[in-house]
Amino acid sequence: MKLLFCYYSGTGHTKRIVDLYKKSFEQNDASVDAHNIENAAFPFNVADYDAIGFFYPVYAFNAPWFMVDFIASLPAQVVPKNCFIAASSGEPLVLNFSSRSKIQTLLKKRNFCITNHYNYVMPYNIMFRHTDERAYAMIETAKQLVPLDVQEIISGKSVVLHLPMIFRFISFVFRIEFWGGRFNGTFYRTTDACTKCGLCIKKCPVHNIAAASDGKPVFGKNCLMCQRCSMYCPTDAIIIGLFNSWKVHGRYTFKKPSEAEVDTHPFYLSASYKRYFKKAAKRIAEANEN
């Protein structure tokens, strides 16, 4: 089995899912080529692959416009091509499956058939910071779920959640984030803590950041609001516009904490997170029994 992964990962969380998929498929004697869509060149012939995987973080119940534009640029296939989606989101809401609403239409027009769609909970990059304990639980759960999902793809078992009309409508309404992210991005600024290291300029996936004459970052009008610049900033010097109160300071380690932490949002969707981990644990246990 030969697969092509096309992925976009804002702050690196989705890339962890990509790596888990690649490892699991290769352990099942499949060959995998992975393409980061940030790279302008696309040196692949889709027709050469048995299936295509699309990986992205969910932004406001949608695939990021960057992924939407990439899929819109793909050539139509003469022979129908199977594909699957593996997305990541900060909360375990079924509504996050509506993220494929826009790209599903684009893929269908290009003769792609979505056979499987999975969603993995990974830490927020905006709103608030998950505890290290929960972040660790998220990646450990994904490590055990991905091989099970890969087996479903290999076996030909189709897993695609039906999208009710209300899900599609909500996804459509929240697509305003495409424009809103660009608008908010024009308010990004740096504080005096900025050392002009240029890391944010180098890492911006859409090349939205340039250097002013004095070397300080200047933010343009094409922001994805992926938060990569602010999370990777070594001096935490970036103000993320109108949503700065929702800023997540620093990247996650995904390591098991050695000490107990204070959860600053203990009641936020607590039932949903418990249900997600409980359902995952049950599925993993059943697979281990077999």
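This write-up is about the structure you can find in this document.

## Describing the pairing of strand S5 (residues 112–121)
Next up, step 1: Counting buried residues along S5, nine of its ten residues qualify, which places the element largely inside the surrounding structure.
Next up, step 2: Where strand S4 (residues 81–89) and S5 come together, nine bridges link them in parallel fashion. If you follow Ser89 over to S5, its bridge partner there is Val121.
Next up, step 3: Each parallel crossover has a hand, and the one from S4 via helix H3 (residues 101–109) to S5 is right-handed.

## Examining the packing of aromatic side chains
Next up, step 1: A complete count under the given rule lists 27 aromatic pairs for this structure.
Next up, step 2: The interplanar angle of 35 degrees and the centroid separation of 6.3 Å between the aromatic rings of Tyr21 and Phe25 together place this pair among those described as tilted. Of the two residues, Tyr21 and Phe25 both sit in helix H1 (residues 13–27), four residues apart, roughly one turn of that helix. The burial state of Tyr21 is the same as that of Phe25; both residues are buried.
Next up, step 3: Ring plane angle 85 degrees and centroid distance 5.2 Å describe the contact between Phe61 and Phe174, whose orientation is recorded as edge-to-face. You can see Phe61 sitting in the loop between strand S3 (51–57) and helix H2 (65–73) and its partner Phe174 sitting in helix H5 (residues 165–174), a full 113 residues away along the chain.
Next up, step 4: Judged by its relative accessible area of 14%, Phe61 is buried.
Next up, step 5: Every member of this aromatic cluster is reached through a ring pair, and the members are Phe5, Tyr21, Phe25, Phe55, Phe84 and Tyr120.

## Side note on unusual backbone geometry
Next up, step 1: Phi at Phe61 takes a positive value of approximately 60 degrees, unusual for a residue other than glycine.
Next up, step 2: Look at Lys196: it is not a glycine, yet its phi comes out positive at around 60 degrees.
Next up, step 3: Of note, Lys196 is situated in the loop between strand S6 (188–190) and helix H7 (199–203).
Next up, step 4: We classify Lys196 as partly exposed; its relative accessible area is 43%.

## Some points on the side chain of Ser101
Next up, step 1: Here Ser101 shows up in helix H3.
Next up, step 2: Given the relative accessible area of 8%, Ser101 is considered buried.
Next up, step 3: Excluding residues that lie within four positions of it along the chain, Ser101 makes contacts with Leu163, Arg168, Ser171 and Arg175.

## Digging into the pattern of salt bridges
Once their charged atoms are close, side chains differing in charge can pair, the charge on each being opposite to the other.
Next up, step 1: Inspection of every chain in the model, using the stated rule, returns eight salt bridges.
Next up, step 2: We note a salt bridge from Arg228 to Glu38, for which the minimum N-O separation is 2.6 Å. Separated by 190 residues along the polypeptide, Arg228 in helix H8 (residues 228–232) and Glu38 in the loop between strand S2 (31–36) and S3 bring together distant segments of the chain.
Next up, step 3: Residue class for Arg228 comes out buried when judged on its relative accessible area of 11%.
Next up, step 4: For the salt bridge of Asp236 with Lys247, the shortest nitrogen-to-oxygen distance reads 2.9 Å. Of the two residues, Asp236 is situated in the loop between H8 and strand S9 (238–240) and Lys247 in the loop between S9 and helix H9 (270–289); the sequence distance between them amounts to eleven residues.
Next up, step 5: Connected through salt bridges with shared partners, the residues Asp149, Glu152, Lys157 and Arg283 form a single ionic network.

## Description of helix H4 (residues 132–155)
Next up, step 1: Look at H4: 35 Å from first C-alpha to last across 24 residues, which is about the 34 Å you get at 1.5 Å a residue.
Next up, step 2: Maximal helix bending in H4 amounts to about 25 degrees, located at Leu145; proline Pro147 follows within four positions.
Next up, step 3: By the burial criterion, the buried members of H4 are Arg134, Ala135, Met138, Ile139, Thr141, Ala142, Leu145, Val146, Asp149, Val150, Glu152 and Ile153.
Next up, step 4: Its buried side turned inward, H4 meets H1, S4, S5 and H9.
Next up, step 5: Once H4 ends, the next one or two residues include Gly156, with phi positive near 90 degrees.

## As for the packing of H1 against H4
Next up, step 1: One way to put it is that H1 packs onto H4 with a least axis distance of 9 Å and a crossing angle of 50 degrees. Looking at the two axes, H1 sits oblique to H4. As H1 runs across H4, the sense of the crossing is right-handed. Contact residues: Arg16, Ile17, Leu20, Tyr21, Ser24 and Phe25 in H1; Ile139, Ala142, Lys143, Val146, Pro147, Asp149, Val150, Ile153 and Ile154 in H4.
Next up, step 2: Taken together, the residues that form the contact of H1 with H4 break down as eleven nonpolar, one polar and three charged.

Criteria and cut-off values
- Residues numbered from 1 in each chain as written.
- Predicted model: local features only at pLDDT ≥ 70, side-chain atom pairs only at ≥ 80, totals over all residues.
- Heavy atoms only, no water.
- Buried < 20%, exposed > 50% of the residue type's maximum accessible area, 1.4 Å probe, protein only.
- Helix = DSSP H or I, 4+ residues; strand = E, 2+ residues; numbered from the N terminus.
- Pairing = 2+ DSSP bridges.
- Right-handed = clockwise from strand over helix to strand, strands pointing away.
- Phe/Tyr/Trp six-rings, centres within 6.5 Å; stacked < 30°, edge-to-face > 60°.
- Contact = heavy atoms within 4.5 Å.
- Salt bridge = Lys/Arg side-chain N within 4 Å of Asp/Glu carboxyl O.
- Expected span 1.5 Å × (residues − 1).
- Bend = angle between axes of the 7 residues up to and from the residue.
- Axes fitted to C-alpha atoms, helices over the stretch in contact; angles between N-to-C directions.
- Parallel < 35°, antiparallel > 145°, perpendicular 65-115°, else oblique.
- Left-handed = near helix turned anticlockwise from the far one by under 90°.
- Nonpolar A, V, L, I, M, F, W, Y, C, P; charged D, E, K, R; others polar.

Everything listed is a geometric property; what it means functionally is a separate question.
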